[in-house]
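One letter stands for each residue in the lines below.
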Amino acid sequence: MIFVGFGFLMTFLQRYGFGAVGFNFLLAAFGIQWALLMQGWFHSFENGKILIGVENLINADFCVGSVCIAFGAILGKTSPMQLLILTLFQVTLFAVNEYILVSLLHVKDAGGSMTIHTFGAYFGLTVTRILYRPNLEQSKDKQGSVYHSDLFAMIGTLYLWMYWPSFNSAVSNHGDAQHRASINTYCSLASCVLTTVAFSSLLQKKGKLDMVHIQNATLAGGVAVGTSAEMMLTPYGSLIVGFLCGIVSTVGFVYLMPFLESKLHIQDTCGIHNLHAMPGLIGGIVGAVTAAAATEEVYGKEGLISAFDFTGDYKDRTPSVQGGFQAAGIFVSLAMALAGGAIVGAILKMPFLGDPADENCFEDDVYWEVPEDEESGLYHMHDPTLKPVTS
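For clarity, every value in this text was computed on a predicted model and none was experimentally measured. (Residues numbered from 1 in each chain as written. Predicted model: local features only at pLDDT ≥ 70, side-chain atom pairs only at ≥ 80, totals over all residues. Heavy atoms only, no water.)

### Some points on the overall build of the protein
Each helix and strand counted, the protein has 14 helices and two strands in total. In terms of overall size, the protein behaves like a compact globule, its C-alpha atoms giving a radius of gyration of 21 Å where 391 residues would be expected to give roughly 21 Å. A principal-axis box enclosing the C-alpha atoms of the protein has dimensions of 70 × 60 × 35 Å. Out of the 391 residues belonging to the protein, those deemed buried represent 54%. Contacts in the protein between residues far apart in sequence, at least 24 positions, make up 80% of those at least 6 positions apart. A total accessible area of about 16800 Å² is found for the protein, and carbon and sulfur atoms account for 65% of it. Charged side chains in the protein number 18 positive and 31 negative. The centres of these two groups are separated by 7 Å. (Helix = DSSP H or I, 4+ residues; strand = E, 2+ residues; numbered from the N terminus. Rg over C-alpha atoms; globule rule 2.2 N^0.38 Å. Buried < 20%, exposed > 50% of the residue type's maximum accessible area, 1.4 Å probe, protein only. Contact = heavy atoms within 4.5 Å. Areas by Shrake-Rupley, 256 points an atom, 1.4 Å probe, with all protein chains shown as cover. Lys, Arg positive; Asp, Glu negative; His and termini not counted. Charge placed at Lys NZ, Arg CZ, Asp CG, Glu CD.)

### A closer look at the side chain of Ser333
Examined against the element boundaries, Ser333 turns out to sit in helix α14 (residues 319–348). Ser333 has contacts with Asn97, Leu101, Met114, Thr115, Thr118 and Phe119, leaving out every residue within four places of it along the chain.

### A closer look at helix α5 (residues 113–130)
Here α5 contains 18 residues, and its C-alpha end-to-end distance of 24 Å stays within 8% of the 26 Å for a straight helix at 1.5 Å per residue. For α5, the tally of buried residues reaches 16 of 18 residues, placing the bulk of the element in the interior. (Expected span 1.5 Å × (residues − 1).)

### Structural notes on the nonpolar core
One finds Phe71, Leu75, Phe123, Trp164 and Leu348 to be the most contacted residues of the largest nonpolar core, which totals 78 residues. Looking at this core, the element that brings in the most residues is helix α3 (residues 54–73), giving 10 residues. When residues no more than four places from it in sequence are discounted, the contact partners of Phe123 are Ala70, Leu86, Gln90, Leu93, Ala337, Gly340, Gly341 and Val344. Ala294, Ala307, Phe308 and Phe310 belong to the second largest nonpolar core, which has eight residues in total. (Core = buried A, V, L, I, M, F, W, Y, C linked by side-chain atoms within 4.5 Å.)

### Some points on empty space enclosed by the protein
As enumerated under the stated definition, the model contains one cavity of 30 Å³ or more in all. Approximately 90 Å³ is the volume attributed to the largest cavity. Of all elements in the fold, only α1 (5–9), α3 and α11 (272–292) reach the threshold of two or more residues within the lining of the largest cavity. Residues that form the lining of the largest cavity fall into these classes: eight nonpolar, three polar and no charged. (1 Å grid on protein atoms, 1.4 Å probe; cavity = no way out; pocket = protein on both sides within 12 Å on 5 of 7 lines; lining within 4 Å. Points joined across faces, edges and corners; volume = space filled by probe spheres on them. Nonpolar A, V, L, I, M, F, W, Y, C, P; charged D, E, K, R; others polar.)

Encoded structure:
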């Protein structure tokens, strides 16, 4: 999901396919190594050593997932050096936020609606707001897609869609929790696809479908059940969550995304606000409500203790109190994302980091050797001497 799913999902830009897949590959490979250290120091540091197992690798992938989400907001507008610095700081902040939620607040967030999606999306949106480019209109013609770039992006969509149930259930306890996570995620995703197709047709002229909606909004259901995936959300509840997210995400692409850019100066290249930010918040709220509504009649006494890990220091915690802590986790993630994104965005504005000029954004040939293709004219060289600016 991290390397193929997120990488190909961002290849929709007609002249930035190499950058989308290649830089995603770069920051993911770097981020996993740093995440193993950061998460290891918080969760598996014993006798002066960091213990690493398969679950550590999975959690490092989750951490890098939040970086890939933030990358979507600044896609095509940053240099490789800026992306590496972003990854370094975001992985660090992710590990701190995860430790606060999971270890201190004892929040359940198996699929990362709060720790991965809410944090990653609002972090990226804050960074792209700080890096606002008032003259980005000069590259407006390059921000669109062509037929085959949208087709490549659908590879990423299908890859993410197929593997999202395993993503949400990967670190759940074997047995009931893992089964519930897979079933709830699958039902939510399926419902979300139908709603997205219906509303895409409804909101577009002549009732035609918009490929941007199909590539992105169809995945929002998987985001929104991340927190409640291993809880007793039930298939029916999962279908409702997917239905609502399909509407929210599609409407966001049509109406909210242009508003954010024109009024709030948030230049969100991939629309992560619609796919990750809003569904992530919905997921956190659904998780808080589902946790607060948990009863022994539904879970069974042992099942309730197992589902929310009401043992040790938390043996006296009740479902209603757990719901309150789940809600608190949303605000902690938002605060960490907004504050951290503002600081990192300010760092990335330093003039020596080699970001491209406005007219060179969304162009592979700034950082990549691009094969000439005179027949398609896809990579038209406006200036054969394009180089990153340093001031």
